[in-house]
Each structure stands twice: as C-alpha cells, then as structure tokens.
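If you want the building blocks of each chain, they are given just below.
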Amino acid sequence: MILITGASGQLGNALVTLCQARGIAFQAVARPNFDFEKPETLSACMAAAKPDFVINAAAYTAVDKAETDQAAARAGNHTGPLALARQCSQRDIPFIHVSTDYVFDGDKGAPYVETDRPHPTGVYGATKRDGEDAILSLGGKAVILRTAWVYAAHGKNFARTMLAAGRRMPVLRVVADQRGTPTAAPDLAAAILAIVGKIEATGWRPDYRGVFHATGAGETTWHGFAAAIFEEAAKLGYKAPAVQPISTAEWPTPTRRPPDSRLNCTKLAQVFGVTLPEWRASLPGIVAGLLALDAPS
Ligand SMILES: NC(=O)c1ccc[n+]([C@@H]2O[C@H](COP(=O)([O-])OP(=O)(O)OC[C@H]3O[C@@H](n4cnc5c(N)ncnc54)[C@H](OP(=O)(O)O)[C@@H]3O)[C@@H](O)[C@H]2O)c1
C-alpha cells in the first residue's frame with residue numbers, strides 16, 4: 001500500500017488518478033489532515049495507513065512568496081519532509097521524495113548531472129536543497145527525484161496561466177532566455193509508479209538510494225513552451241494570441257530563476273530503467289484537458 005501526500009496538488013492528483021486507473025492500493029492525504037506545519041499529523045497519517053511505500057508529492061511550491069514566507073517554505077520543503085523521511089526510516093520502508101531544478105543556479109551552460117553541486121538562488125531552492133540533504137543524511141531507503149516545469153490539467157501552472165491570459169490579451173510577452181524542460185505531472189506520476197514497481201520486483205538495492213533527475217525529454221524556453229501550448233490549443237478552436245519573446249531583464253521576479261536548468265536524466269534510465277517522454281508529446285492531452293476544464297461558460 002502506497003501513501004501519497006499532497007494529494008490536492010498537480011503531482012499528487014496525477015498519482016491518485018493513475019493508481020485508481022491501475023487498481024494499485026493507495027491512501028491519499030492532504031491538508032488539513034496531513035500538514036508539514038503540524039508534525040503530529042504526519043505520525044497520525046503513517047500510523048493509520050501503515051504504508052509499504054511513501055510518495056511525498058507535498059511541498060511549498062510558491063517560489064516568489066517563499067522569499068517572505070520562509071518559515072512555511074522551510075516546514076514544507078525541509079523540516080516537514082525530513083520528519084516524514086524519519087518515520088519511513090524507522091519503519092524501514094522506501095520514501096520517494098520530489099525536488100527541483102531550482103536547487104541549481106542555472107549557470108553551468110549544459111544539462112546538470114546529479115553530482116553537480118547545488119547552488120540555489122532563492123529561498124524555495126535553498127529549502128528544497130536542505131530537504132534533500134537532510135533526508136539523505138538519515139541513511140534510509142530514500143529516492144529523491146528532481147523534476148522541473150511541472151504542469152497538468154489539474155492545478156496551478158504555466159500552461160493554465162498562459163491559456164487564461166491569452167483569452168484576455170491579444171499579445172503576450174514571454175521570457176525567451178530561460179531554458180529547461182516541461183514535465184507533465186502524469187508522466188512524472190507514471191515514472192514514480194514504475195520506480196515503485198522496480199523496487200517491489202528486485203527488493204531494495206543500495207544504488208536506488210540518492211538523487212535522480214526526472215524531467216520530460218528534450219528542452220525549450222518559456223517562450224517556446226507558450227508557443228507550443230497555443231499551437232495545440234489553436235487546433236482545438238482556441239483563438240491564440242501573438243507570443244512575443246522578451247528577456248528575463250524585462251520580466252523581473254522577486255527570486256532569480258536559473259537561466260538554464262536542463263537536467264540530464266541518464267542515471268534514472270540506468271538505475272531504474274525509467275525515461276520520461278519527450279515534453280512535446282505529452283502537451284496535446286494536457287492542453288485538451290485544460291481547455292475542457294476552463295471552457296468559458
Ligand atoms: N510545479 C513545478 O513547476 C515544480 C517544478 C520543480 C519541482 N517541483 C516539485 O514537484 C513536487 C510536486 O509539485 P506540484 O507541482 O504537484 O505542486 P503543487 O501543485 O503546488 O502541490 C503542492 C501540494 O503540497 C501541498 N502542501 C503545501 N504545503 C504543505 C504543507 N505545509 N503540508 C502539507 N502539504 C502541503 C499542497 O496542499 P494545498 O492544496 O493545501 O496547498 C499541494 O497538495 C514538489 O516537490 C515540487 O517542489 C514542482
């Protein structure tokens with residue numbers, strides 16, 4: 001039985017949907033019953049579920065807000081996940097945790113590998129890095145997946161924001177000098193369940209422990225992502241706006257974003273035999289889902 005935390009989020013929802021579709025036994029928890037800011041809720045959920053695996057899809061994900069909301073960001077990304085990992089360690093069960101490309105500053109100029117030294121540029125990235133380090137320092141059965149640019153038909157994300165903005169404005173300005181890879185939440189959920197399946201099949205192996213990069217394949221910029229979103233939406237009758245490329249300097253944010261946060265995902269393929277699909281291949285289904293859910297009445 002798998003315990004899925006953060007069930008109301010993009011990844012949590014995708015995990016729940018996939019477990020339901022495949023008949024996999026799971027229990028999903030979310031706030032207020034499971035809250036990293038209320039540590040007693042963690043042990044209560046673990047005691048009630050008695051899981052064989054824990055997948056932590058809960059996190060503090062508001063990148064800019066984290067700068068002024070540091071205590072909540074630390075509870076959601078560092079001390080909370082550490083307390084959950086400790087519970088897993090005590091029960092000797094695998095803990096699958098999700099981290100981010102924002103642990104890097106984006107100045108490498110090539111896709112990051114897992115052995116590259118993190119250097120976050122903001123509070124969100126710093127709390128996620130500290131969470132990774134703390135979880136691994138326990139020495140338990142921990143798999144940490146760093147992902148990036150997560151989007152889905154469910155939840156708040158760039159694709160939903162673009163489609164909503166495009167309904168209001170004929171021209172959108174989108175940053176074209178930040179590179180990375182969009183990751184569809186259902187693809188990441190499928191990869192995580194494949195990892196669970198592999199661990200079940202082989203039993204725990206020492207090389208499963210550690211950090212793995214797990215994004216969609218390929219790369220783009222936010223501008224390229226927006227253009228592709230509108231290309232898919234237009235095929236379904238959406239009136240697409242013009243998308244103008246701009247520089248990061250023209251779109252200042254409280255937290256500096258990595259200019260190039262591409263992640264090399266070879267280790268995930270080598271150790272677990274898991275590769276996420278090309279980011280562009282997963283886009284049409286999600287855009288269709290977003291248009292269906294957000295159709296103007
Ligand atoms: N979104 C991205 O672009 C992105 C990029 C890189 C990495 N990631 C990582 O991928 C993972 C999944 O992200 P996502 O996009 O699915 O995030 P999301 O849609 O923002 O969902 C976050 C989930 O965490 C829950 N949560 C927030 N604070 C919590 C707390 N203190 N205690 C318990 N639950 C809490 C939220 O609950 P509420 O609904 O109650 O707020 C929600 O269920 C996270 O680890 C994130 O850091 C995301």
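Further up the page is the structure itself.
Reading the values: the criteria
- Residues numbered from 1 in each chain as written.
- Predicted model: local features only at pLDDT ≥ 70, side-chain atom pairs only at ≥ 80, totals over all residues.
- Heavy atoms only, no water.
- Near = heavy atom within 4 Å.
- Polar contact = N/O pair within 3.5 Å; in protein donor to acceptor, adjacent residues only side chain to side chain.
- Areas by Shrake-Rupley, 256 points an atom, 1.4 Å probe, with all protein chains shown as cover.
- Helix = DSSP H or I, 4+ residues; strand = E, 2+ residues; numbered from the N terminus.
- Nonpolar A, V, L, I, M, F, W, Y, C, P; charged D, E, K, R; others polar.
- Salt bridge = Lys/Arg side-chain N within 4 Å of Asp/Glu carboxyl O.
- Buried < 20%, exposed > 50% of the residue type's maximum accessible area, 1.4 Å probe, protein only.
- Pairing = 2+ DSSP bridges.
- Right-handed = clockwise from strand over helix to strand, strands pointing away.
- Axes fitted to C-alpha atoms, helices over the stretch in contact; angles between N-to-C directions.
- Contact = heavy atoms within 4.5 Å.
- Parallel < 35°, antiparallel > 145°, perpendicular 65-115°, else oblique.
- Left-handed = near helix turned anticlockwise from the far one by under 90°.
- Core = buried A, V, L, I, M, F, W, Y, C linked by side-chain atoms within 4.5 Å.

Some details on the site of the ligand
Within the structure, the ligand sits among 23 residues, and Ser-8, Arg-31, Thr-61, Tyr-124 and Lys-128 are positioned closest to it. Thr-61 has a polar side-chain atom sitting 2.6 Å from an oxygen atom of the ligand. In the model, an oxygen atom of the ligand is placed 2.7 Å from a nitrogen or oxygen of the Tyr-124 side chain. Protein contacts shield 82% of the accessible area of the ligand, which totals 910 Å² for the unbound molecule. Elements with a contribution of two residues or more to the shell around the ligand: helix H1 (10–22), strand E4 (95–100) and helix H4 (123–137). With 3 residues, E4 is the largest single contributor of residues to the shell around the ligand. Considered class by class, the residues forming the shell around the ligand number 11 nonpolar, 8 polar and 4 charged.

Side note on the pattern of salt bridges
Under the definition given, this model contains 19 salt bridges. Between Arg-257 and Asp-64 there is a salt bridge whose closest N-O contact spans 2.8 Å. With Arg-257 in the loop between strand E12 (242–246) and helix H8 (266–272) and Asp-64 in the loop between strand E3 (53–56) and helix H3 (70–91), the pair connects residues that are 193 residues apart, well separated along the chain. Classification of Arg-257 as buried rests on a relative accessible area of 17%. Asp-64 sits in the partly exposed class, given a relative accessible area of 23%. What emerges from the salt-bridge pattern is a single network uniting Arg-179, Glu-219, Asp-260 and Arg-262.

Section: the pairing of strand E5 (residues 142–147)
Burial within E5 is extensive, with 6 of its 6 residues counted as buried. Burial of the side chains of E5 extends over both faces: Ala-142, Ile-144 and Arg-146 are buried on one face and Val-143, Leu-145 and Thr-147 on the other. In the sheet, E4 pairs with E5 via 6 bridges, with the strands oriented parallel. Paired with Val-98 across the bridge in E5 is Leu-145. In this fold, the crossover linking E4 to E5 by way of H4 has right-handed handedness. Here E5 runs beside strand E10 (residues 210–213); their pairing, made up of 4 bridges, is parallel. The residue bridging Val-143 from the neighbouring strand is Gly-210, located in E10.

A short note on the sheet that holds E10
Here we have 6 strands laid out as an open sheet, ordered E2-E1-E3-E4-E5-E10, and parallel in their pairing. The open sheet has two edge strands, strand E2 (26–29) and E10, and neither has a second partner. Going from strand to strand, the sheet's axes swing by 20° on average, the running direction of each strand aside. Contacting strand E1 (2–5), E3 and E4, H3 runs over the sheet at an angle of about 155° to E4.

Examining the pairing of E3
Residues Phe-53 and Ile-55 point to one face of E3 and Val-54 and Asn-56 to the other, with burial holding for every one of them. Across 3 bridges, E3 lies against E4 in parallel orientation. Bridging across to E4, Val-54 finds its partner in Phe-95. On the question of chirality, the crossover connecting E3 to the parallel E4 by way of H3 is right-handed.

Focus on the packing of H1 against helix H6 (residues 185–202)
Contact pair H1 / H6: the axes reach a minimum separation of 8 Å and the direction vectors enclose 60°. Taken as axis vectors, H1 and H6 run oblique relative to one another. In the packing of H1 onto H6, the handedness of the crossing is right-handed. Residue-level inspection shows Gln-10, Leu-11, Ala-14, Leu-15, Leu-18, Cys-19 and Arg-22 of H1 in contact with H6, the latter providing Ala-185, Pro-186, Leu-188, Ala-189, Ala-190, Ile-192 and Leu-193. Taken together, the residues that form the contact of H1 with H6 break down as 12 nonpolar, 1 polar and 1 charged.

Details of the nonpolar core
Membership of the largest hydrophobic core comes to 35 residues, with the highest contact counts inside it found for Leu-15, Leu-145, Ile-192, Leu-268 and Phe-272. At the level of elements, E1, H1, E3, E4, E5, H6 and H8 are the ones that each hand at least two residues to this core. Beyond its immediate sequence surroundings of up to four residues, Leu-15 is in contact with Ile-4, Ile-55, Ala-57, Ala-189, Ile-192 and Leu-193. In this structure, Tyr-124, Ala-159, Ala-165 and Trp-279 belong to the second largest nonpolar core, which totals 33 residues.

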